[in-house]
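The lines below spell out each chain.
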Amino acid sequence: MVRELTLSRIRQGLRDKEFSSREVTQAYLDRIEELDPRLNSFTQSFREAALAAADAADARIARGEARPLEGVPVAHKDLLATVEGRTTCASKMLEDYRSPFDATVVERLAAAGAVVVGKTNLDEFAMGSSNETSHFGPVRNPWNTETVPGGSSGGSGAAVAARLCAGATGTDTGGSIRQPASLCGVTGLKPTYGRCSRYGLVAFASSLDQPGPMAVTAEDCAHMLAAMAGFDERDSTSVDQPVDDYAGALEQGLAGKVIGVPAEFFTEGLAPDVERAVKAALEQYRELGAEIREIHLPHYPYSIPTYQVISAAEASSNLARFDGVRYTHRTPEPENLVDMYESTRAEGFGAEVQRRIMVGTFVLSAGYYDAYYLKAQKVRTRIRDDFAKAFEEVDLIAGPTSPTAAFGIGEKATDPIAMYLSDLYTTAANLAGVPGISFPCGFSEDGLPVGMHLMANFFREDLLLNAAHQYQQATDWHTRIPEGF
């Protein structure tokens, strides 16, 4: 029933009473039960609570009181706090943790009427680019279950691609929404930093993290973002900026729009089949009336090392709270207080999390702070200035989302540098704070999805969604569904 339906189509069908929320929700829950053992995209599903919420949604629709997402089944990345179920961050450290409150974006989607079918798997504490660092095991890409779905929001990307939910939340620190959207062949949007509240999002790197939507189409993401976005006084980094009419902006034409293509994007490391697909998409934009112009982002090549220093430093600080004293895993029978701290953290955190904590502690330490962390912050300012200058000339910046299509499970697990380079085209947007979107634009030689990446100026998510929607109206890449799902 739901395999061919997008979130927008479900939203309209519920309003037109073509089907009920219970029917749709039941169908997704059945698909999760049947198909997710092949993917491991969910850490938990909420059958009883979801069906109760669906019945309540049907009652509201019957009374003519439908809210914007009334009865639409979605899933939440298991990094966002929810009262329902556990909030694990895919870590042994929080394996049994139950939150006493909902994250703001969870609250807002619920207030819009969305039905939550479960929580999705991720890289532990969102640290990874392949969804292989999860305490609950790797997520598999539905296009080829021997390949990764990308990370850290790989569970959300795989679940949407396999049509196990209509949409899902993700979080993006250096590409963690957009890269899995690319590898799984779905649409994923990282909003402007401060556009969506981070309250209730378990922090990885506080100056970079941002929640956002993942769904089949840009139109779907527009409906989700409209519910998620807005000022939140509980989040000191939330920006008091009016929420645009994202759905209303979708149908505007692209005539007169200027798309900048950085020369720095098409260099060594970009797979030829990815390059061909992205350049074909740029030609499609030219046919839609946009002007394509080469630009330069001179400090862009420094984005990966800059990101790694800043994100590791902030992770080191944020994860210091997980010490076994109050609500996390605690080692049994420690010899003393120091042993409790050390053994708890050694047992509770996986190898990648430990690696980043140690790097972050090093770059913040006396004698190295100026050489690494302070210098990284100065380069970050240069990267942000490059974007500001570029957006004086162009409306959008385009390029690949990922240098390759999905790679094999285990292929890069022992090479952290190769893994970090998976975010080559996405981290700069987080460093600058600008929004970005990834959407399908073709397939690799191995039949795996390829994503195109667009970035816009601060709070111009409307431009991103409009440009992605116009492309999707002219192409059908986003309509493809993995065989067997």
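Before any of the text, the structure's been laid out above.
Not measured: the values here are computed from a predicted model.

Caption draft 1: Structural view of the nonpolar core. Core analysis: the biggest nonpolar cluster contains 109 residues, and Phe-125, Tyr-285, Phe-387 and Leu-465 have the highest contact counts within it. For this core, the element with the most residues is helix α7 (residues 218-228), which contributes 7 residues. Excluding residues that lie within four positions of it along the chain, Phe-387 makes contacts with Leu-297, Ile-397, Ala-428, Ala-429, Ala-432, Val-434 and Met-455.

Caption draft 2: Structural detail: the sheet that holds strand β8 (residues 291-295). With mixed pairing, 11 strands are arranged side by side in an open sheet as β1-β3-β2-β4-β6-β5-β10-β11-β9-β7-β8. Either end of the sheet is taken by a strand with one partner, and the two such strands are β1 (42-45) and β8. Along the sheet, successive strands turn relative to each other by an average axial angle of 30°, direction set aside. Alignment of strand β7 (residues 258-262) against strand β9 (residues 396-400), held across 2 bridges, turns out to be parallel. Each residue of the ladder has a partner; that of Gly-260, found in β9, is Ile-397. Each of β1, β2 (73-77) and β3 (115-120) is contacted by helix α2 (residues 21-35), which is oriented at about 15° to β3, the strand it contacts most.

Caption draft 3: Layout of the packing of α2 against helix α3 (residues 47-62). It is the contact of α2 with α3, at a shortest axis distance of 8 Å, that shows an interaxial angle of 160°. If you check the angle between α2 and α3, you find them roughly antiparallel. Here α2 and α3 pass one another in a crossing that is right-handed. Here Ser-21, Arg-22, Thr-25, Gln-26, Leu-29, Asp-30 and Glu-33 of α2 lie close against α3, whose contacting residues are Arg-47, Ala-50, Leu-51, Ala-54, Asp-55, Ala-57 and Asp-58. For the contact of α2 with α3, the per-class residue count stands at 5 nonpolar, 3 polar and 6 charged.

Caption draft 4: Looking closely at the packing of aromatic side chains. All told, the structure shown has 17 aromatic pairs when counted by the stated rule. Ring centres of Tyr-285 and Tyr-471 lie 5.5 Å apart, and the angle between their planes is 25°; this geometry places the pair in the stacked category. With a gap of 186 residues between them, Tyr-285 in helix α8 (residues 272-287) and Tyr-471 in helix α15 (residues 461-474) connect regions that are remote in the sequence. No difference in accessibility class separates Tyr-285 from Tyr-471, as the two residues are buried. When the centroid spacing of 4.4 Å and the interplanar angle of 35° are considered together, the rings of Phe-362 and Tyr-368 count as tilted. Among the aromatic residues, those joined into a cluster by ring pairs are Tyr-97, Phe-125, Phe-322, Tyr-327 and Phe-349. Over the face of the ring belonging to Phe-266 we find Lys-279, whose NZ or CZ atom lies 5.2 Å from the ring centre. Seen from the ring of Phe-407, Lys-412 lies directly overhead, with NZ or CZ sitting 4.2 Å from the centre.

Caption draft 5: Representation of the pattern of salt bridges in the model. For the structure on display, the rule yields 21 salt bridges. As a salt-bridge pair, Arg-9 and Glu-18 come within 2.7 Å of each other at their nearest N and O atoms. For Arg-140, the salt bridge goes to Glu-146, with nearest N and O atoms at 3.9 Å. A single salt-bridge network, built from bridges that share partners, covers Asp-30, Glu-33 and Arg-47.

Caption draft 6: Representation of the side chain of Ser-422. Looking at the secondary structure, you find Ser-422 in the loop between α13 (416-420) and α14 (427-432). The residues touching Ser-422, leaving out its near neighbours within four places in the chain, are Ser-129, Gln-179, Ser-402, Pro-403, Phe-407 and Lys-412.

Caption draft 7: View of the environment of Val-434. Relative to the helices and strands, Val-434 resides in the loop between α14 and β10 (436-443). Note: C-alpha distance between Val-434 and Glu-461 (27 residues apart in sequence) is 9.2 Å. For Val-434, the residues in contact, after removing those within four places along its chain, are Lys-190, Pro-191, Thr-192, Phe-387, Phe-391, Ala-429, Ala-456 and Phe-458.

Caption draft 8: Molecular detail of the side chain of Ser-129. Checked against the element boundaries, Ser-129 lands in the loop between β3 and α5 (154-161). Within the structure, the side chain of Ser-129 is placed 2.9 Å from the side chain of Asp-423, a separation counted as a polar contact. Excluding its chain neighbours within four sequence positions, the residues that come into contact with Ser-129 are Asp-123, Gly-150, Gly-151, Gln-179, Phe-407, Met-419, Ser-422 and Asp-423.

Caption draft 9: Expanded view of a nonpolar patch on the surface. On the surface, Val-325, Leu-337 and Tyr-341 cluster together into a nonpolar patch covering about 250 Å² of accessible area. Checked against the element boundaries, Leu-337 lands in helix α10 (residues 337-348).

Calculation rules
Every chain is numbered independently, its residues counted from 1 as its sequence is written. Confidence filtering applies because this is a predicted model: local features only for residues at pLDDT of at least 70, side-chain atom pairs given and counted only at 80 or more, and all residues used for totals across whole chains, interfaces and linings. Note that water and hydrogens are dropped before the side-chain values are worked out from all heavy atoms of the structure. Remark: nonpolar core denotes a set of buried residues (Ala, Val, Leu, Ile, Met, Phe, Trp, Tyr, Cys) joined through side-chain atoms within 4.5 Å. Whether a residue is buried, partly exposed or exposed follows from its accessible area with a 1.4 Å probe, protein chains only, as a fraction of its type maximum: under 20%, in between, or over 50%, in that order. Secondary structure elements are taken from DSSP: a helix is a run of H or I of four residues or more, a strand is a run of E of two residues or more, and numbering for both begins at the N terminus. The contact rule is simple, with two residues in contact once any of their heavy atoms fall within 4.5 Å. Paired strands, as defined in this entry, are two strands with at least two bridges between them according to DSSP. As a rule, the C-alpha atoms of each element are fitted with a line to give its axis, helices using only the stretch in contact, and angles between N-to-C directions run from 0 to 180 degrees. With respect to orientation, any angle under 35 degrees is reported as roughly parallel, any angle over 145 as roughly antiparallel, any angle of 65 to 115 as roughly perpendicular, and every other angle as oblique. We call a crossing left-handed when the near helix sits turned anticlockwise from the far one by less than a right angle, and right-handed when that turn is clockwise. Gly is placed with the polar residues, together with every amino acid not listed as nonpolar (Ala, Val, Leu, Ile, Met, Phe, Trp, Tyr, Cys and Pro) or charged (Asp, Glu, Lys and Arg). In this analysis, rings of Phe, Tyr and Trp, with Trp reduced to its six-membered ring, are considered paired at centre separations within 6.5 Å, and the interplanar angle assigns stacked below 30 degrees, edge-to-face beyond 60, and tilted for intermediate values. Throughout this description, the term charge over a ring refers to an Arg CZ or Lys NZ atom that lies within 6 Å of the ring centre and within 35 degrees of the ring normal. Whenever Lys or Arg places a side-chain nitrogen within 4 Å of a carboxyl oxygen from Asp or Glu, that contact is recorded as a salt bridge. Throughout this description, a polar contact denotes any pair of N or O atoms lying within 3.5 Å of each other; where both atoms belong to protein, one of them has to be capable of donating a hydrogen while the other can accept it, and for residues adjacent in sequence the pair is counted only when both atoms sit in side chains. Without a salt bridge and with relative accessible area above 30%, a residue can belong to a patch; like charges are then joined within 9 Å and nonpolar side chains (Val, Leu, Ile, Met, Phe, Trp, Tyr) within 5 Å. Per-residue accessibility takes into account occlusion by the displayed protein chains alone, with areas from the Shrake-Rupley method and a 1.4 Å probe.

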